[in-house]
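# Coordinate analysis (summary)
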Amino acid sequence: MMKQARTLLSRSLCDQSKSLFEEKVKASTLRGFASWSGSSTPGRGFSGKDAPKPSGRLFAPYSIFKGKAALSVEPVLPSFTEIDSGNLRIDRRGSLMMTFMPAIGERKYDWEKKQKFALSPTEVGSLISMGSKDSSEFFHDPSMKSSNAGQVRKSLSIKPHADGSGYFISLSVNNSILKTNDYFVVPVTKAEFAVMKTAFSFALPHIMGWNRLTGQGNTEAPPPMNVTHLKTDPQLELEWDK
């Protein structure tokens, strides 16, 4: 009888310990999941083939927030069109889309009043090659070679600070149709500009479509190219969508 009682007591204590252990593990797991899901780093805690695959379009802009305006930059991949014999050729080259937003308060920006400027591969090369005292200026007419030419004019300017501590990146957009004249200035530090140049250098072959030719960055055989999936978002592709 005493032996049976000891056995029952032992089992009870064992079950209680097991229950407490499982609760601790569950709580620890939930904390870990909350920490992982709250992180902005994709694939944290995973590596190689175990990394989760995005189910849709991946957004990874580089953003700079300053007192009067914010600047966000991200690559726009090229689109392809199918020609004879199932071959593909570039339909529209990619770009590096710069999006400017005005500040409407402390750490608040008006996304509805954004303006865009798409850097071509050659313009990306001009920015990458800039020295600490160099300046660059680019002019775009979104409706060039059409009956609406000259109605919207965009000017992007990059000028160094007088003390060499960084650059002023400014965008001017004159729209004679809407009778508006928008102007944005975002001061960037040397470190922020260095990040932009490095990221632009990495993105350049991708916006040209050359990474598909060389298999750059792929450790596995590239998947079959789906032309429909490679079509870029029109809102990102057209800098004159506003």
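Residues numbered from 1 in each chain as written. Predicted model: local features only at pLDDT ≥ 70, side-chain atom pairs only at ≥ 80, totals over all residues. Heavy atoms only, no water.

### Thoughts on the packing of aromatic side chains
- As enumerated under the stated definition, the model contains 3 aromatic pairs in all.
- With a centroid separation of 5.4 Å and an interplanar angle of 45°, the aromatic rings of Phe-65 and Tyr-109 are classed as tilted. Of the two residues, Phe-65 is situated in strand β1 (residues 62-65) and Tyr-109 in strand β6 (residues 108-109); the sequence distance between them amounts to 44 residues.
- Taking relative accessible area as the criterion, Phe-65 reaches 53% and is therefore assigned exposed.
- A ring pair is formed by Phe-100 and Phe-184, whose centres lie 5.9 Å apart and whose planes are at 35°; its orientation type is tilted. Here Phe-100, found in strand β5 (residues 95-105), pairs with Phe-184, found in strand β11 (residues 180-189); they are 84 residues apart in sequence, far enough to count as distant. For the pair Phe-100 and Phe-184, one class covers both residues: buried. (Phe/Tyr/Trp six-rings, centres within 6.5 Å; stacked < 30°, edge-to-face > 60°. Helix = DSSP H or I, 4+ residues; strand = E, 2+ residues; numbered from the N terminus. Buried < 20%, exposed > 50% of the residue type's maximum accessible area, 1.4 Å probe, protein only.)

### Some words on the sheet that holds strand β10 (residues 166-175)
- An order of β8-β9-β10-β11 is seen for the 4 strands of this open sheet, with the pairing classed as antiparallel. Strands at the two margins of the open sheet, each flanked by one partner only, are β8 (136-140) and β11. With strand direction ignored, the average angle separating the axes of adjacent strands in the sheet is 10°.
- Direction of pairing for β8 relative to strand β9 (residues 152-160): antiparallel, over a ladder of 5 bridges. If you follow Phe-139 over to β9, its bridge partner there is Ser-155.
- Helix α3 (residues 190-207) rests against β9, β10 and β11 of the sheet, and its axis sits at about 100° to β11. (Pairing = 2+ DSSP bridges. Axes fitted to C-alpha atoms, helices over the stretch in contact; angles between N-to-C directions. Contact = heavy atoms within 4.5 Å.)

### Remarks on the pairing of strand β2 (residues 69-76)
- A large share of β2 lies buried, amounting to 7 of its 8 residues.
- Bridge count for β1 against β2 is 4 bridges, and the pairing is antiparallel. Its bridge partner lying in β2, Phe-65 is registered against Ala-70.
- Adjacent in sequence and paired antiparallel, β1 and β2 are bridged by 3 residues.
- Looking at chain direction, β2 and β5 are connected through 8 bridges and run antiparallel. Bridge assignment links Ala-70 to a residue of β5, and that residue is Met-101.

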